[in-house]
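# Structural characterization, general
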Amino acid sequence: MGRLTLVVFAALGCAACASPSDSVGRQGVPTDVAGGDTLSAPDVLPSEDLAPEDVATDTVCSGDSCVLPSPCDSKADAACDEEVASPCDGDSCPEAVCDPTSFEVSCADDGHVRQCRADGSAIDVLSCGIDAVCLDGACLAQVCVPGETICASPSAVQVCDELGTAFLPPTECGDPGRCQAAHCLTPCDAAALERGPYGCLFVVPSGAIEVEGPPGATVVLDGVPRDPIPAGGAVVLAVTDPSGAHVLNTSAPVQVVLRGGAEAFGDRARVLPPSAWGTDHVAIGWPNRALDEPALVRIVSSVPGTYVTLVATAAMELVSGGDAVLAALDRGQALTVAMPLSAELDLRVVGSGDATGTRVTASSPVGVFFEHPCATVPAGVGPCDGLLEQVPSLDRLGPAGLAVPLAPRAAPQPDVFRVVAADDHVTVTLTPPILLPFALERGSHASWVATEPVTVVATGRVALTHLTPGATYVGHGPECAGHGVGGAALTWLPPLVDHAPHATIRIEDSTTVELAIATGASVTIDGEAPETSAAPGG
């Protein structure tokens, strides 16, 4: 056998490592390494005769020297000064615990993934990191909070899955089919957002109330369950205790009408639920003429600790509990009081004053009503009759309205209209020009009589009211044993911007319905065209 000699070039680091076939014996280990010396390797086979598994493909770094890699060394590409973790103990390897080529990656829990180490030496449990979760063996970013809901459309809701990786398919909302604020609205929720006359919670002053709603809806008054709404769709409840406000709860949206007393006759007011209340009001009303039955501005609250500031337009007494006088106010005087929950405050007009224009502001929304137990309209025309209406908050007012008198009930007779300014420096124009344009300051008012529709346009917000005349008004015939037809009533007329294409009307006996509609518009009542007669002006 010949003798093989080779020269080893020493260099810093691994820059000049020798080929493994020049320094490897039969067992793949260095033989006699001494810098610059020749090595004797009598048993080395020619490189072409080596079995493939005995041939190393590269040297690796060990400190500043080049050494042969062990069979499981994973540091062949590492820099000489870099520490790399290795499962090797010398030249021996631990027994493999998994096969990285066939191992099925899985989730250890919601936030960690299990996978086989590349060399099969261990199964690692790795964190998916912040805002990520493990699902089916993969780390996925969280896109939502588990259980979170969003509106997929105006009528459907979506829920985030239990891991937060995706939203589940949309679900259509039930009646009334609306999604808002990330959840499906209940009928009561939807009614409250509308800020209209329908609701499931009402706070009312003393008097009789009519509750109109779907048959079977439950009714609870002041915490006491009452009979459900009957098949006829309405129930009448007496709430005559004047010591405080009364709370009505229902299981479905209803309308509530307040009567001036327990009797079936007299004026009525459609009551707004607290969701439709406001914090700033200018009272509507009519002059006080019957000294023994004074007019009232009535205030109720649904929030305990509400502060109310009153500015009187006439001499008034602040009354609570029916007769207990808390304070006396002169015209123009201001007073601030705190209202406990379920309290009712009444401003009672003294003498022949007029509550119209009285200012009522509050720290939380309140309900304000005007009531006159015995009013004559126009002044001095009898017999006296009750007036009752809820005072709209200023945010429900507008600069334009339509004043439409009722059809004459006996002979041609005018109705009375009154406009109250809610802003300062308001100029009001009437068409046709029954009055020349006139200016009003906040809380001041003007009145006129008319037999034809009048359009009211102002430069600021106004409250427009309609008063029907007393039964003995001039022009009446001998109906009702010489006492004429009808009687005094007070109605607030919403601004033109609030006119709607639909309405619900409760009919009692023979009822005449008066509609103000655009010229050329079609009308149906219960799906059928009614018998109509057009007033002058449309």
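In this report, the structure presented in the accompanying data block is examined. (Residues numbered from 1 in each chain as written. Predicted model: local features only at pLDDT ≥ 70, side-chain atom pairs only at ≥ 80, totals over all residues. Heavy atoms only, no water.)

### Notes on the overall build of the protein chain
- Assigned secondary structure in the protein chain consists of two helices and 35 strands.
- Relative to its 538 residues, the protein chain shows a buried fraction of 38%.
- Counting contacts in the protein chain only where the partners sit at least 6 residues apart, residues at least 24 apart contribute 64% of the total.
- Roughly 28200 Å² of accessible area belongs to the protein chain as shown, and the carbon and sulfur atoms make up 55% of that amount. (Helix = DSSP H or I, 4+ residues; strand = E, 2+ residues; numbered from the N terminus. Buried < 20%, exposed > 50% of the residue type's maximum accessible area, 1.4 Å probe, protein only. Contact = heavy atoms within 4.5 Å. Areas by Shrake-Rupley, 256 points an atom, 1.4 Å probe, with all protein chains shown as cover.)

### What to know about the sheet that holds strand S4 (residues 112–116)
- Spatially, the three strands line up as an open sheet ordered S3-S4-S5, and their pairing is antiparallel. Each edge of the open sheet carries a strand with a single partner, namely strand S3 (106–109) and strand S5 (123–127). Ignoring which end each strand starts from, the neighbouring axes of this sheet average 40 degrees apart.
- In this structure, S4 lies alongside S5, joined through five bridges in antiparallel fashion. Bridged to Cys-116 within S5 is Ile-123. (Pairing = 2+ DSSP bridges. Axes fitted to C-alpha atoms, helices over the stretch in contact; angles between N-to-C directions.)

### Let's talk about the sheet that holds strand S9 (residues 156–159)
- Strand order in the open sheet made by the three strands is S8-S9-S10, with antiparallel pairing throughout. Looking at which strands have only one partner, the edges of the open sheet turn out to be strand S8 (149–153) and strand S10 (171–172).
- Note: S9 against S10, two bridges, orientation antiparallel. If you follow Val-157 over to S10, its bridge partner there is Thr-171.

### A short note on the side chain of Thr-250
- Mapped onto the elements of the fold, Thr-250 is located in strand S18 (residues 246–259).
- Residue classification places Thr-250 among the buried positions, given a relative accessible area of 10%.
- A polar atom in the side chain of Thr-250 sits 2.8 Å from the backbone oxygen of Ala-252.
- For Thr-250, the contacting residues outside a window of four places in its chain are Cys-188, Gly-199, Cys-200, Val-211, Thr-218 and Val-219. (Polar contact = N/O pair within 3.5 Å; in protein donor to acceptor, adjacent residues only side chain to side chain.)

### Some words on the pattern of salt bridges
- Overall, the coordinates contain 13 salt bridges when judged by the stated rule.
- Salt-bridge contacts for Glu-194 lead to Arg-178; the nearest nitrogen and oxygen are separated by 2.8 Å. Of the two residues, Glu-194 sits in helix H1 (residues 187–194) while Arg-178 sits in the loop between S10 and strand S11 (179–180), which places them 16 residues apart along the sequence.
- Salt bridges linked by common partners bring Arg-298, Glu-344, Asp-346 and Glu-371 together as one network. (Salt bridge = Lys/Arg side-chain N within 4 Å of Asp/Glu carboxyl O.)

### Section: a nonpolar patch on the surface
- A surface patch of nonpolar side chains, about 310 Å² in accessible area, is lined by Ile-505, Val-513, Leu-515 and Ile-517.
- Position of Val-513 relative to the elements: it lies in the segment after strand S35 (489–493).
- The class of Val-513 is partly exposed, set by a relative accessible area of 33%. (Patch = residues over 30% accessible without salt bridge, like charges linked within 9 Å, V, L, I, M, F, W, Y side chains within 5 Å.)

### Focus on the state of the cysteines
- One pass over the structure, following the stated rule, counts eight disulfides.
- In this model, Cys-151 is linked to Cys-179 through a disulfide, with the two sulfur atoms separated by 2.0 Å. A torsion of -90 degrees about the S-S bond marks the disulfide between Cys-151 and Cys-179 as left-handed. In this pair, Cys-151 is assigned in strand S8 and Cys-179 in strand S11, connecting sequence segments 28 residues apart.
- Note on Cys-151: relative accessible area 30%, which makes it partly exposed.
- For Cys-179, a relative accessible area of 10% corresponds to the buried category.
- Each disulfide pairs two cysteine sulfurs, and for Cys-188 the partner residue is Cys-200, the sulfurs being separated by 2.0 Å. Given an S-S torsion of about -85 degrees, the disulfide between Cys-188 and Cys-200 has left-handed geometry. Taken together, the residues Cys-188 in helix H1 and Cys-200 in strand S13 (residues 199–204) connect sequence positions 12 residues apart.
- Exposure remark for Cys-188: the relative accessible area of 24% places this residue in the partly exposed category.
- Under the relative-accessibility criterion, Cys-200 is labelled buried at 12%. (Disulfide = S-S within 2.5 Å.)

### Quick word on the nonpolar core
- Among the nonpolar cores identified, the biggest contains 39 residues, and Val-297, Ile-299, Val-308, Leu-310, Phe-370 and Leu-387 are the most heavily contacted of them.
- The element best represented in this core is strand S27 (residues 359–375), accounting for six residues.
- Sequence-distant contacts of Leu-387, that is, excluding residues within four places in its chain, are made with Asp-267, Trp-286, Phe-370, Glu-371, His-372, Ala-375, Val-377, Leu-467, Ala-488, Ala-489 and Leu-490. (Core = buried A, V, L, I, M, F, W, Y, C linked by side-chain atoms within 4.5 Å.)

### Here we look at the pairing of strand S30 (residues 415–421)
- Burial analysis of S30 places seven of its seven residues in the buried class, which makes it a mostly covered element.
- Judged by which residues are buried, S30 turns out to be covered on both faces: Asp-415, Phe-417, Val-419 and Ala-421 on one side and Val-416, Arg-418 and Val-420 on the other are all buried.
- As judged from the six bridges shared by S30 and strand S33 (residues 445–450), these two strands associate in the antiparallel manner. When the sheet's bridge partners are listed, Val-416 is paired in S33 with Val-449.

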